[in-house]
Each structure stands twice: as C-alpha cells, then as structure tokens.
Amino acid sequence: MSILKINGGRELRGRARIQGAKNSVLPILAASLLADGETVIHNCPKLSDVEAASKILKHLGCSAKRDGDAVTVNSTGLSRLDIPHGLMREMRSSVIFLGAMLARGGEATLSLPGGCELGPRPIDLHLMALRELGADITEEGGSIICRASRLRGRRVNLSFPSVGATENTMLAASLADGTTIITNAAREPEIWDLQSYLRTLGVNVSGAGTPTVTVEGTKIRADVSHSIIPDRIAAATYLAAAAVTKSEVELTGVIPKHLATVTEAIREMGCDVRSGRETLHISSDGRLRAPKPIVTEPHPGFPTDAQPQIMAAALRARGTTAFVENIFENRYRHVGELRRLGAEIKIEGRVAMVTGVEKLTGAPVTATDLRGGAALVIAALGAEGVTEISGLHHIDRGYDGLENTLRSIGADIERI
Ligand code: EPZ
C-alpha cells in the first residue's frame, strides 16, 4: 500500500491548474446514458471515481474511453439496466445512474447503497421524486427495482435541497412526457453544469442555481461534447494548503465565485486572496488567525466538502475556530487523525471547536475519507517534521495528482 511522505514547513510558490470537478463529471457521465450516441467530455479529471463510473457504463453495455483529459462515452450499445453490488460498493454515489437508466430503458435495478464514511446516506428523496414521475419502486433483498413504462412530468418538491436527488430528478425528467418543476432544488454549481450539458443534448431545462429547476421532457440529440467546470473543492484545498505555509501561489482555470465563501474565510484568517477572471492568487506568511465560525450549508452557503480542509488550516490559527457541520452526520472523522499531529479540537455533536496551537508535529496518520484525507495533507504541510499518510485510496477518489501539483509549487511530498 503506497503512502504519502510529507516534510512540512516548506514555502509554496508558483502556479497550479485546477482539475475538472469530480461532482460535475459523475452526474454528466450518468446523463450520457440519455443520449443514444456519443458524448465527448473534456476537462475530465483522472480519478478513481471516474474509473468506477466508466466501469458501470461498460457494465451497462456502453463504451467509455479516455484520451488525455477527455473521456468519450458511447451509449448506443446500452444492453443492461442493473448495477450490481460490487460496482455500487465501489462508488456510493452510483445512485446518480438511477434516473438516467430509468428514463432511457424503462427500468433500473441497483443494490442499495450502504452508508459511507460520512454516515448513513439515505436515498429517500431520490425515490420519492422518481415515484412522483411515475416510477414503480420496490425493494427486494438489498436491491431496489424501479420500473416505469412512461415517466410523466410533475411538480416535485424536495424537503431538503439534495444535490443527488436534484440531479436524478433532472435526468429522469429529461425523457418524461411533459414538464417537471423541481422546487427546493440544490443550487450547487455542478447542477448548473449538468443543466448546460442537458441543453447540449437538446433538453429544454432552466433554473439551475435557483431553488426551482424546470425540465421539459424531449427527444434527445446524440453526438455532443461538453467541458467540465473547474473543481471548486480542489481549488479550496490548494488555497488551504497555501494558507498554512509561507506562500505565493496562483491557481488557474478556476471560477472564483464558485468558492466565494471559502476565499472569504481564508481572507479572514489573514491571507491576501485576489481573484481574476479564471484565477485565484493567494499570498500568506503562514501565521493565521481564527476566522468567524464555519457553518456548512447547502450552496451558496459554506460547502461541507471544504470543512475538513479549512479545519486543517485553522489548527495553528491564533484563537479558537468554531465549526458547525449541518450537512452530514459524521463528518469529523479526520479529527482523531489531526489530534495525532498535536491539534486541539473538541467535538460536541455537530460543533467542533479548534484551539490554535503553536506547532504541529509530523506523525503517521491514516485518511478516513476523501476530504478528511486532504485535511491531513494540509495539516502535514504546516507541521514540523515528517508525516506519513496511508489510506490514499480515499484521496485518489477525488484528487487528480494532488502530490504532483503540490510538489510542483515547492512542497516536499512524495508517494512511496
Ligand atoms: C453530493 O453528495 C456530493 N457528491 C458530496 O460530495 C457533497 O458533500 C454533497 O453533494 C453535498 O454538497 C457528489 O456530487 C458525487 P446530498 P449527495 O444528497 O448528492 C441527506 C465529496 O466529498 N439526504 O446533497 O449524496 C444526506 O444524508 C462528496 O466530493 C437524504 O436524507 O449529497 C446528507 O445528509 C462527499 N435523503 C444530505 O442530505 C436523500 O435522498 C446531503 O446529501 C438524499 C440526501
């Protein structure tokens, strides 16, 4: 099993290009099932989650081939409508294939996605929405079986602005008879990217980024291409890495407004962050102060996916930083590992209080989940001495060459 070996305290200087967004490419890979033809997806990050999604597409009879930063999917050969347990376990967000399989093939069988490192991951809102559109859904022996000879456009209200449920509903609605109006829809930038892909397919969809998304079911055009938006959480991760070290770093290929709440927190910590059209420039002396409380909320609030990374940046910040994790039940699993580096963190339910310490000291630690693993890398960059991080499969799910990018701007980091 490889590990990351990091010798902390180095200055970071230089330029880093941000990868395409994991949470955009996954629903768009699922959406490519809607088109009986070819989709070329550009700016597609090299991630194990993208590999897992491609494996599912091939299992279903489609082809999925990578050529550099583009993945070409051809779903003409779609011949199955089931995702077996092994493939579901590999990537719990495979539930995002449900709406497109149902819309294109009239049925879909998935083995129930278990929980994950972040706690139980129910899909009740996904199933409620698909039933609303006319699906008949039963649960048998750990699998859910969905059938719908025809889906029909309806009004669907989400009791929580679930990203995945919004996406599944948009995909099912794309081939339904009539118009679907989704209220209390998620407003994340990845919803907007999915909307722009669906429009390329000829679907009349609008409202992404607002609480109400409208989709008119239609005949889908095939043979299209799409370029994935930048990964705002990867950008947040590199900003946090630059914040904890003496640094002068420019991130390119970003959309600054997609991570405005994160840059605001990093400015409050004492860094100078300037945004250009597609760049973010950060300079830091590595001596930070505690920001206002970090309260995670659905977009446009502070993103839960950046909470662990900002917590890592706050470990040596003067004062006390409060975190409130409102989205997932169990998203403080990285705290135990951060304490091994000398962090002072108290947890009470959804609240974590971080008291800034003078110094962190390198130690062997294990990644607990994707963003928790990124937090360990950030803390190690700001620690004295050597940190060895295992559990890299978590990090490889969502970061395309994290260590290469960090090394290219001066970090002493290698995968061994
Ligand atoms: C997406 O997950 C992202 N994953 C997550 O990113 C992200 O943290 C999350 O949105 C919130 O922004 C992808 O896009 C692949 P949700 P998703 O449905 O769709 C509850 C990362 O690190 N819920 O908005 O699963 C759920 O339990 C990952 O890149 C229900 O109760 O998130 C959770 O508490 C982690 N019933 C909350 O809503 C449902 O039917 C948010 O879930 C669905 C969700």
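Analysis parameters
- Residues numbered from 1 in each chain as written.
- Predicted model: local features only at pLDDT ≥ 70, side-chain atom pairs only at ≥ 80, totals over all residues.
- Heavy atoms only, no water.
- Helix = DSSP H or I, 4+ residues; strand = E, 2+ residues; numbered from the N terminus.
- Rg over C-alpha atoms; globule rule 2.2 N^0.38 Å.
- Buried < 20%, exposed > 50% of the residue type's maximum accessible area, 1.4 Å probe, protein only.
- Contact = heavy atoms within 4.5 Å.
- Areas by Shrake-Rupley, 256 points an atom, 1.4 Å probe, with all protein chains shown as cover.
- Lys, Arg positive; Asp, Glu negative; His and termini not counted.
- Charge placed at Lys NZ, Arg CZ, Asp CG, Glu CD.
- 1 Å grid on protein atoms, 1.4 Å probe; cavity = no way out; pocket = protein on both sides within 12 Å on 5 of 7 lines; lining within 4 Å.
- Points joined across faces, edges and corners; volume = space filled by probe spheres on them.
- Nonpolar A, V, L, I, M, F, W, Y, C, P; charged D, E, K, R; others polar.
- Domains from an automatic or database assignment.
- Pairing = 2+ DSSP bridges.
- Axes fitted to C-alpha atoms, helices over the stretch in contact; angles between N-to-C directions.
- Salt bridge = Lys/Arg side-chain N within 4 Å of Asp/Glu carboxyl O.
- Near = heavy atom within 4 Å.
- Polar contact = N/O pair within 3.5 Å; in protein donor to acceptor, adjacent residues only side chain to side chain.
- Parallel < 35°, antiparallel > 145°, perpendicular 65-115°, else oblique.

## Quick word on the overall build of the protein chain
When its secondary structure is counted, the protein chain shows 14 helices and 24 strands. What you see for the protein chain is a C-alpha radius of gyration of 21 Å, in line with the 22 Å of a compact globule of 416 residues. With the C-alpha coordinates of the protein chain rotated into their principal frame, the extents come out at 65 × 45 × 40 Å. Per-residue burial for the protein chain yields a buried fraction of 57% across its 416 residues. Taking the intrachain contacts of the protein chain between residues at least 6 apart in sequence as the baseline, contacts between residues at least 24 apart amount to 72%. Only carbon and sulfur atoms are counted for the fraction: they give 47% of the accessible area of the protein chain, which is about 15,700 Å². A distance of 2 Å separates the average location of the 48 positive side-chain charges in the protein chain from that of its 47 negative side-chain charges.

## Things to note about the layout of surface pockets
By volume, the second largest pocket amounts to about 360 Å³. Taken together, 21 residues make up the lining of the second largest pocket; nearest its centre are Val-244, Gly-286, Arg-287, Arg-316 and Glu-358. Residue classes in the lining of the second largest pocket are distributed as 6 nonpolar, 6 polar and 9 charged.

## Structural notes on empty space enclosed by the protein
Scanning the model with the defined rule gives 3 cavities of 30 Å³ or more in all. Of the pockets and cavities examined, the largest cavity occupies roughly 60 Å³. In terms of lining residues, the largest cavity is bounded by Val-244, Gly-286, Leu-288, Ala-312, Ala-313, Leu-315, Arg-316, Ala-317, Leu-360, Ile-378, Ala-379 and Gly-382. Counting only elements with at least two residues in the lining of the largest cavity, the list comes to helix H10 (307–314) and helix H12 (370–381). Put simply, the second largest cavity is a space of about 40 Å³. Residues of the lining of the second largest cavity, tallied by class, amount to 2 nonpolar, 1 polar and 5 charged. Mapping the lining of the second largest cavity onto the domain boundaries places at least three of its residues in each of domain 1 (4–19 + 230–415) and domain 2 (22–227).

## A word on the sheet that holds strand S3 (residues 38–42)
Taken in spatial order, the 4 strands of this open sheet run S4-S5-S3-S14, and their pairing is mixed. In this open sheet, the two edge strands, each paired with only one partner strand, are strand S4 (63–67) and strand S14 (224–227). In this sheet, adjacent strand axes meet at a mean angle of 15 degrees when their direction is disregarded. Taken strand by strand, helix H7 (residues 189–200) contacts S3 and S14, and its axis lies near 160 degrees from that of S14.

## Observations regarding the pattern of salt bridges
Considering all chains together, one arrives at 18 salt bridges under this definition. Note that Asp-49 is salt-bridged to Arg-397, the shortest N-O span being 3.0 Å. Linking Asp-49 in helix H2 (residues 48–59) with Arg-397 in the loop between helix H13 (392–396) and helix H14 (402–408), this pair joins segments that are 348 residues apart in sequence. Overall, the relative accessible area of 1% leaves Asp-49 in the buried class. Note that Glu-268 and Lys-292 form a salt bridge whose closest N and O atoms lie 3.1 Å from each other. Separated by 24 residues along the polypeptide, Glu-268 in helix H9 (residues 260–268) and Lys-292 in the loop between strand S17 (279–285) and strand S18 (294–295) bring together distant segments of the chain.

## Structural notes on the site of the ligand
The ligand sits among 23 residues. The nearest are Asp-124, Leu-125, Ser-162, Asp-305 and Ile-327. The side chain of Asp-124 places a nitrogen or oxygen atom 2.7 Å from a nitrogen atom of the ligand. The contact in question runs from an oxygen atom of the ligand to an N or O atom on the side chain of Arg-331, over 3.3 Å. Computed on the free molecule, the ligand has an accessible area of 830 Å², of which 86% lies beneath the protein chains in the complex. Of all elements in the fold, only helix H1 (22–31), helix H5 (124–132), helix H6 (163–174) and H12 reach the threshold of two or more residues within the shell around the ligand.

## Digging into unusual backbone geometry
Omega for the peptide link from His-299 to Pro-300 comes to 15 degrees, which places this bond in the cis form. With respect to the secondary-structure elements, Pro-300 resides in the loop between S18 and H10. Phi is positive for Asn-184, close to 55 degrees, though the residue is something other than glycine. Mapped onto the secondary structure, Asn-184 falls in the loop between strand S11 (179–183) and H7. Note on Asn-184: relative accessible area 30%, which makes it partly exposed. Even without glycine at this site, Asp-223 takes up a positive phi of about 55 degrees.

## A few points about H1
Think of an α-helix as 3.6 residues a turn; residues three or four steps apart then line up on the same face. When you tally the buried positions in H1, you get 9 out of 10 residues, the bulk of the element. Buried within H1 are the following residues: Lys-22, Ser-24, Val-25, Leu-26, Pro-27, Ile-28, Leu-29, Ala-30 and Ala-31.

## Considering the packing of helix H4 (residues 98–105) against H6
Close contact between H4 and H6 brings their axes to 7 Å; oriented N to C, the two are set at 10 degrees. What the angle tells us is that H4 and H6 run roughly parallel. Facing Leu-98, Gly-99, Ala-100 and Ala-103 of H4, the residues of H6 in contact are Asn-168, Leu-171 and Ala-172. Here the contact of H4 with H6 is composed, by residue class, of 5 nonpolar, 2 polar and no charged.

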